[in-house]
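The lines below spell out each chain.
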Amino acid sequence: MVRSILYATDLGLYAPYVLQHALALTRAFNATLYVVHAVGPMGLFAESVLQTYLDETQLKELRNNGLNTVMAGIEQRVLEGFRDEMGDALQDIDLIKAVRVVKGDPPRVILDEAQQLGVDLLVLGSHSHGADMAIPLGRTASRIVQLSAVPVYLVPMLQHRSRDDA
């Protein structure tokens, strides 16, 4: 029985397509839908730029409070983006119980969130928007399929592939 679903999004070009699958499953199972977006760790270059312009106290404050503010802002923008994309199907936004933006490695974030929420199903795309379509499965999708303790509903990004690839 599927009572709760976690939709993992990269917020890329095909996120609305994958979201439609997550919403359809949520309606079909009369389930609760959670959304998670993982934000990768700050790169060395960004970290060094911040260290150049901020003293240690400011840097610590930014890391503690600024990052939380930025993450909350991203969560709000994700929800607003969903509202814009849904258009006439705006009532579907009520199916989303929560949107979480979490800093960390995407596969680890998704699996941790799935465990914390106790979801029964994961929904994600087979590739991120910038991935090489010659590879059968993207890095995040591959890790999720290998390590997930719950079933994974994988939405293929077939619109990227030419007919010769099949």
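1. A short note on the sheet that holds strand β1 (residues 4-8)
Overall, parallel pairing links the five strands, which are arranged β3-β2-β1-β4-β5 in an open sheet. This sheet does not close on itself; its edge strands, each paired only once, are β3 (96-103) and β5 (152-155). Going from strand to strand, the sheet's axes swing by 20 degrees on average, the running direction of each strand aside. Pairing between strand β2 (residues 32-39) and β3: seven bridges, direction parallel. Bridged to Y34 within β3 is A98. In the packing of helix α4 (residues 106-117) onto the sheet, the strands contacted are β1, β2, β3 and β4 (121-125), and the crossing angle to β2 comes to about 150 degrees.

2. Considering helix α1 (residues 15-29)
For α1, spanning 15 residues, the distance from its first C-alpha to its last is 21 Å, which sits close to the expected 21 Å at 1.5 Å a residue. Taken residue by residue, α1 has A15, V18, L19, A22, L23, L25 and T26 as its buried positions. Looking down the long axis of α1, one finds its buried residues gathered within 160 degrees of arc, a one-sided arrangement. Positive backbone phi, approximately 55 degrees, marks N30, located one or two places after α1.

3. Quick word on the pairing of β2
Burial within β2 is extensive, with six of its eight residues counted as buried. Bridging between β1 and β2 involves five bridges; their strand directions are parallel. Within the sheet, the bridge partner assigned to L6 lies in β2 and is Y34. In this view, the connection linking β1 to its parallel neighbour β2 by way of α1 has right-handed handedness.

4. Quick notes on the nonpolar core
The biggest cluster of nonpolar side chains holds 21 residues, and the ones touching the most others in it are I5, Y7, L33, F82, I96 and V123. Breaking this core down by element, the ones donating at least two residues are β1, α1, β2, α3 (56-86), β3 and β4. With six residues, α1 is the single largest residue contributor to this core. The contacts of V123, once residues within four sequence positions are left out, are I5, L6, Y7, A8, V18, A22, L25, Y153 and V155. L6, V102, L111 and L124 belong to the second-largest nonpolar core, a separate cluster that totals 15 residues.

5. Considering the packing of α4 against helix α5 (residues 139-147)
The description of two packed helices rests on the angle between their axes and on the distance between the axes. At a minimum axis distance of 9 Å, the contact between α4 and α5 shows a crossing angle of 40 degrees. Overall, the two elements α4 and α5 adopt an arrangement that is oblique. Crossing geometry of α4 relative to α5 is assigned as right-handed. Residues P106, P107, I110 and L111 of α4 form the contact with α5, whose participating residues are R139, T140, R143, I144 and L147. Looking at the contact of α4 with α5, its residues break down into six nonpolar, one polar and two charged.

Here is what the cut-offs are and how they apply
- What you see as residue numbers is a count from 1 along each chain, following the sequence as written.
- Totals for whole chains, interfaces and linings use every residue, but because this is a predicted model, local features are given only for residues with pLDDT of at least 70 and side-chain atom pairs only at 80 or more, for both listing and counting.
- Water and hydrogen atoms were dropped before computing side-chain values, which therefore reflect all heavy atoms in the structure.
- For two strands to be treated as a pair, DSSP must find at least two bridges joining them.
- Segments assigned H or I by DSSP are reported as helices when at least four residues long, segments assigned E as strands when at least two residues long, and all are numbered from the N terminus.
- Axis definition: a line fitted to C-alpha atoms, limited for helices to the stretch in contact. Angles are taken between N-to-C directions and run from 0 to 180 degrees.
- Note on contacts: a residue pair qualifies if any of its non-hydrogen atoms lie within 4.5 Å across the two residues.
- Here a helix's expected span is defined as the number of its residues, less one, multiplied by 1.5 Å.
- Three labels apply to residues, based on accessible area from a 1.4 Å probe with only protein chains included: buried if under 20% of the type maximum, exposed if over 50%, partly exposed otherwise in between.
- Arc definition: directions from the helix axis to the C-beta atoms.
- When the strands point away from the viewer and the path from the first strand over the helix to the second turns clockwise, the crossover is right-handed.
- Only buried Ala, Val, Leu, Ile, Met, Phe, Trp, Tyr and Cys residues count toward a nonpolar core, and they belong to the same one when joined by side-chain atoms within 4.5 Å.
- For classification, angles of less than 35 degrees are called roughly parallel, those exceeding 145 degrees roughly antiparallel, those between 65 and 115 degrees roughly perpendicular, and all remaining angles oblique.
- Take the far helix as your reference; a near helix turned counterclockwise from it by less than a right angle gives a left-handed crossing, and one turned clockwise gives a right-handed crossing.
- Note on residue classes: Ala, Val, Leu, Ile, Met, Phe, Trp, Tyr, Cys and Pro are nonpolar, Asp, Glu, Lys and Arg are charged, and everything else, Gly too, is polar.

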